[in-house]
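Chain by chain, the residues:
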Amino acid sequence: KGQSIMDKILIQKTKTSPEIIMDFEKGILDIIGESYPENAVGFYKPVFDWLNSVTTANIPLTVNFRLDYFNTSSSKCVIDILDILDKYHGNSGKVSVKWYYKEDDDDMLETGEEFSSDIKVPFELLSYS
């Protein structure tokens with residue numbers, strides 16, 4: 001049987017792709033690690049499907065990005081995810097984004113700042129060591 005949207009969905013991390021946890025009941029999406037899969041759009045498709053279901057169900061959502069590195073095509077997917085969240089927020093969906101970056105990683109901090117400036121979603125930049 002196929003996975004239900006209500007199930008907790010885990011995509012295992014690989015050398016080139018991040019770990020992704022989609023928890024419908026808690027309303028949490030975690031994207032953790034490095035992202036440079038050969039086909040980013042294909043890799044992130046389950047995330048888009050899940051987000052579309054969550055936003056349709058109108059549940060509060062927290063999205064945690066903890067990416068150490070991503071390539072251009074992954075960056076495009078991250079922007080698309082943020083766009084979905086922004087639309088959801090605009091339709092009075094409850095959503096917040098937490099962007100984690102290593103405290104010495106200025107590039108990832110700047111990227112988070114850039115991404116957050118393009119959207120109206122509550123967006124926190126959080127450093128960790």
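Look a little higher up for the structure.
A few points on the structure. Predicted model, so just to flag it, every value in this text is computed and none were measured.

Another aspect to go through is a negative patch on the surface. Together, Asp83, Glu103, Asp104, Asp106, Asp107, Glu110, Glu113, Glu114 and Asp118 make up a region of like negative charge exposed at the surface. Here the element with the most residues in the negative patch is helix α3 (residues 106-117); it accounts for five residues. With respect to the element layout, Glu114 can be found in helix α3.

Let us look at the pattern of salt bridges. A side chain with one charge may pair with a side chain of the opposite charge, provided their charged atoms come close. Under the definition given, this model contains five salt bridges. In this structure, the salt-bridge partner of Asp23 is Lys26, at a minimum N-O distance of 3.9 Å.

Our focus in this paragraph is the packing of aromatic side chains. Inspection of the entire model under this criterion finds seven aromatic pairs. Ring centres 5.0 Å apart and planes at 90 degrees place the aromatic pair Phe43 and Tyr44 in the edge-to-face group. Arranged with centres 6.2 Å apart and planes meeting at 25 degrees, the rings of Trp99 and Phe123 form a pair that is stacked. In this pair, Trp99 is assigned in strand β5 (residues 95-102) and Phe123 in strand β6 (residues 123-128), connecting sequence segments 24 residues apart. Of the two residues, Trp99 and Phe123, both sit in the buried class. Ring-pair connections join several aromatic residues into one group, and the members of that group are Phe65, Phe70, Trp99, Phe115 and Phe123. Sitting over the face of the ring of Tyr100, Arg66 holds its NZ or CZ atom 4.3 Å from the ring centroid. Cation over ring: Arg66 sits above Tyr128, and NZ or CZ is 4.6 Å from the ring centre.

With that settled, consider α3. Here α3 contains 12 residues, and its C-alpha end-to-end distance of 16 Å stays within 8% of the 16 Å for a straight helix at 1.5 Å per residue. For α3, the complete set of buried residues consists of Met108, Thr111, Gly112, Phe115 and Ser116. Along the axis of α3, the buried residues cluster in a sector spanning 130 degrees; they form a single face. Looking at α3, the residues exposed on the side facing more than 90 degrees away from the buried face are Asp107, Glu114 and Ser117. Elements in contact with the buried residues of α3: β4 (61-70), α2 (72-90), β5 and β6.

This paragraph deals with the side chain of Thr111. Tracing the chain through its elements places Thr111 in helix α3. Within the local environment of Thr111, its side chain forms a polar contact with the backbone oxygen of Asp107, the two atoms lying 2.8 Å apart. Excluding residues within four positions of it along the chain, Thr111 makes contact with Phe70 and Trp99.

Its place among the elements puts Leu67 in strand β4. Taking the C-alpha atoms as reference, Leu67 lies 14 Å from Ile81; in sequence the two are 14 residues apart. Beyond its immediate chain neighbours, meaning those up to four positions away, Leu67 contacts Pro18, Ile31, Gly33, Ser35, Val78, Tyr100 and Met108.

What follows is about the nonpolar core. In terms of nonpolar packing, the biggest core is built from 37 residues, with Tyr44, Phe65 and Leu85 touching the most fellow members. Counting residues per element, the ones that place at least two in this core are β1 (9-11), β2 (19-23), β3 (28-35), α1 (40-57), β4, α2, β5 and α3. The dominant element in this core, judged by the number of residues it contributes, is α1, at eight residues. With sequence-adjacent residues up to four places away left out, Tyr44 is seen in contact with Pro18, Ile20, Ile31, Ser35, Ser74, Cys77 and Ile81.

Cut-offs applied
- Residues numbered from 1 in each chain as written.
- Predicted model: local features only at pLDDT ≥ 70, side-chain atom pairs only at ≥ 80, totals over all residues.
- Heavy atoms only, no water.
- Patch = residues over 30% accessible without salt bridge, like charges linked within 9 Å, V, L, I, M, F, W, Y side chains within 5 Å.
- Areas by Shrake-Rupley, 256 points an atom, 1.4 Å probe, with all protein chains shown as cover.
- Salt bridge = Lys/Arg side-chain N within 4 Å of Asp/Glu carboxyl O.
- Lys, Arg positive; Asp, Glu negative; His and termini not counted.
- Charge placed at Lys NZ, Arg CZ, Asp CG, Glu CD.
- Helix = DSSP H or I, 4+ residues; strand = E, 2+ residues; numbered from the N terminus.
- Phe/Tyr/Trp six-rings, centres within 6.5 Å; stacked < 30°, edge-to-face > 60°.
- Buried < 20%, exposed > 50% of the residue type's maximum accessible area, 1.4 Å probe, protein only.
- Lys NZ or Arg CZ within 6 Å of the ring centre and 35° of its normal.
- Expected span 1.5 Å × (residues − 1).
- Arc of directions from axis to C-beta.
- Contact = heavy atoms within 4.5 Å.
- Polar contact = N/O pair within 3.5 Å; in protein donor to acceptor, adjacent residues only side chain to side chain.
- Core = buried A, V, L, I, M, F, W, Y, C linked by side-chain atoms within 4.5 Å.

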